[in-house]
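# Summary of structural features
The residues making up each chain are set out below.
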Amino acid sequence: MNLRDRMLAGERLVGTFLKTPSIELIEILAKSGLDFLCLDAEHAPYDRARLDGCLAIGRALNFPLLVRVPSGSPDDLLKVLDGGAVGVVVPHVYSAEKAEEISRGSRFGHGGRGYAGSTRWAGYATRAMDDVLAQSRSETIVIAQIEEPEGVDAIDAIAGTDGIDGVFIGPADLSVAYGKTDINSEELKAAMKKVGDAARAHGTTLITWVPNAEKAAEWDAFGFTTLVVASEHAWMLQGAKKAVADLKS
């Protein structure tokens, strides 16, 4: 099964954010047992060339790469999907209208994603149109990130939007929006329950970010099936700090 099939089947999947636009790190992390990486083009320094190189190595390794795009604009969606991403994570989806826009912009059809058979994703003009269109229906993942109280309020309509495969609670942004200074508030937990209930009702994948396995276990009751754990920045610092502490103890 491809990543989308595994997500929608409710399989427990684990990925991480990649903040460093490096093909070597993708090669290394592809050997780690992670199910996918999410290239963080919203908060990290991914220019077009480095993003393209990362997507190329992901395709070459047959290792699934999602991209968190800076916005849900048609241009942002098109360039990463044409480049080889299996899907997109779109920040700040707070209404059904926004969900419909990103679903349409990520998929082929009238008013949707522009078709080009000469892209990396489409095999550089080596494949028939019907084959490429079938790949899009099978593979392309569209994930709406819920980061505002308005998104929580509208979650039933967002999760039920045709073409939305997953809803991703952003615990930090949502906590800040609630006026909190950590990710442990009752308001956040209530939001997680509401979003989880809507996701299950509509057969939509429920996703969140966690800093570590302990927080994942704490939030297990909410029903998250796909987890984005920390980032390579956090893991490098954790490993380096532990090595230094062990050597100096």
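In the block above lies the structure referred to throughout.
### Quick notes on the overall build of the chain
Counting its regular elements, the chain contains 12 helices and eight strands. Its C-alpha atoms put the chain at 60 × 45 × 30 Å along the principal axes. Across the chain, every contact between residues at least 6 apart in sequence was considered, and the portion connecting residues at least 24 apart equals 61%. As displayed, the chain has an accessible area near 11,300 Å², and 56% of this comes from carbon and sulfur atoms. Of the side chains in the chain, 26 bear a positive and 35 a negative charge, and the two mean positions are spaced by 3 Å.

### Some remarks on the packing of aromatic side chains
Throughout the structure, instances matching the rule amount to four aromatic pairs. Grouping aromatic residues by their ring pairs yields a cluster made of Phe-108, Tyr-115 and Trp-121. A cation over an aromatic ring shows up here: Lys-19 above the ring of Phe-17, its NZ or CZ 5.2 Å from the ring centre. Over the aromatic face of Trp-121 sits the side chain of Arg-113, whose NZ or CZ is 4.4 Å from the ring centroid.

### Quick notes on helix 3 (residues 48–61)
Its 14 residues place the ends of helix 3 20 Å apart at the C-alpha level, agreeing with the 20 Å of an ideal helix rising 1.5 Å per residue. For helix 3, the set of buried residues is Leu-51, Cys-54, Leu-55, Ile-57 and Gly-58. The buried residues of helix 3 occupy an angular sector of 160 degrees when the element is viewed end-on, so they sit on one face. Residues of helix 3 that are exposed and angled more than 90 degrees away from the buried face: Arg-48, Ala-49 and Ala-60. On the buried face of helix 3, the contacting elements are helix 2 (23–29), strand 2 (36–40), strand 3 (65–68) and helix 4 (74–83). Phi turns positive one or two residues past the end of helix 3, at Asn-62, with a value near 55 degrees.

### Quick word on the pairing of strand 8 (residues 226–231)
Most of strand 8 is tucked away, with six of its six residues classed as buried. Of the strand pairs in this sheet, strand 1 (residues 13–18) and strand 8 are connected by four bridges, and their pairing is parallel. When the bridges of strand 8 are listed, Phe-17 appears paired with Ser-231. For strand 7 (residues 205–210) and strand 8, the ladder comprises four bridges, and the chain directions are parallel. Paired with Trp-209 across the strands is Val-228, a residue of strand 8. Handedness of the β-α-β unit built from strand 7, helix 11 (residues 213–218) and strand 8 comes out right-handed.

The rules behind each value
Residues numbered from 1 in each chain as written. Predicted model: local features only at pLDDT ≥ 70, side-chain atom pairs only at ≥ 80, totals over all residues. Heavy atoms only, no water. Helix = DSSP H or I, 4+ residues; strand = E, 2+ residues; numbered from the N terminus. Contact = heavy atoms within 4.5 Å. Areas by Shrake-Rupley, 256 points an atom, 1.4 Å probe, with all protein chains shown as cover. Lys, Arg positive; Asp, Glu negative; His and termini not counted. Charge placed at Lys NZ, Arg CZ, Asp CG, Glu CD. Phe/Tyr/Trp six-rings, centres within 6.5 Å; stacked < 30°, edge-to-face > 60°. Lys NZ or Arg CZ within 6 Å of the ring centre and 35° of its normal. Expected span 1.5 Å × (residues − 1). Buried < 20%, exposed > 50% of the residue type's maximum accessible area, 1.4 Å probe, protein only. Arc of directions from axis to C-beta. Pairing = 2+ DSSP bridges. Right-handed = clockwise from strand over helix to strand, strands pointing away.

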